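Tertiary structure, described
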Amino acid sequence: RVELQKLRKEWESLKTAAKKNQWIKDNENEFNKLNISVTNINDADNVFIDNTAAVIEALKQRAKAAAAQELAAKKYEEALIKRNEAETESQKGPNWWDNMVAATSQAGQSSAGIRPQAEFTDIAEANKVSRIEALKAEAVAAEEAGDAYFKLADGYEKAAKAALDAAGIDTAHKKDRTRTRGP
């Protein structure tokens, strides 16, 4: 937004068509950074005089989209970590906590009703399975949150484009970088 205001002030200070055209050429990279197309005096007047509010709104929406994409990436990372933890834990035997749960469940038994080692092992294994399922559920929840953030980002991007479209402002034109191979 600061860059936009700086460009706007510069534009407003220009008096001749020649200076305006040169300024447009000189600032092509700045327009690309803002993802707006300014190729002639009419475009510049539209962006910097007539519809600056629409450009500012588009920049806000793009910033929200970028933030939502960052949050989505963090949630996807969290999902991957949880899935990896679940996979790693499934390769191991019951951990100390699983054994503690099994021992604690045995402690409530009377001396005549102490469970055999096989039952202790079954309880520890069942607790391990529960832990792994909980990790998988956390992974699914994180991925669903990531999907929601991604959809939110898409909505913000569409709102930014709509704001510019309504003002008759194009996004920056990407140069075709297709290369052909020679013989």
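Heads up: these notes are all about the structure in this document. (Residues numbered from 1 in each chain as written. Predicted model: local features only at pLDDT ≥ 70, side-chain atom pairs only at ≥ 80, totals over all residues. Heavy atoms only, no water.)

**Re the packing of aromatic side chains**
Let me state the cut-off plainly: Any two of the Phe, Tyr and Trp rings considered here, Trp counted by its six-membered ring, make a pair once their centres fall within 6.5 Å; the pair's planes then place it as stacked at under 30 degrees, edge-to-face at over 60, or tilted in between. Helix and strand definitions follow DSSP, with helices as H or I runs of at least four residues and strands as E runs of at least two, each counted in order from the N terminus. Relative accessibility under 20% of the residue-type maximum defines a buried residue, over 50% an exposed one, and the middle range a partly exposed one, all with a 1.4 Å probe and only protein chains included.
Enumeration according to the criterion identifies four aromatic pairs in this entry. Each ring, one from Phe31 and one from Phe48, has its centre 6.1 Å from the other, and the planes form 45°; the classification is tilted. Within this pair, whereas Phe31 is found in helix H3 (residues 28-34), its partner Phe48 is found in helix H4 (residues 41-50), the two being separated by 17 residues in sequence. A single burial state applies to Phe31 and to Phe48, both of which are buried. These aromatic residues form a ring-pair network of at least three members: Trp11, Trp23, Phe31 and Phe48.

**Digging into the environment of Ala68**
Inclusion rule: Here, two residues are considered to be in contact whenever any of their heavy atoms come within 4.5 Å of each other.
With respect to the helices and strands, Ala68 occurs in helix H5 (residues 52-90). When its relative accessible area of 4% is taken as the criterion, Ala68 is described as buried. Residues Ala68 and Gly146 lie 78 residues apart in sequence; the distance between their C-alpha atoms is 8.9 Å. Not counting residues up to four positions away in its chain, the partners in contact with Ala68 are Tyr149, Leu152 and Ala153.

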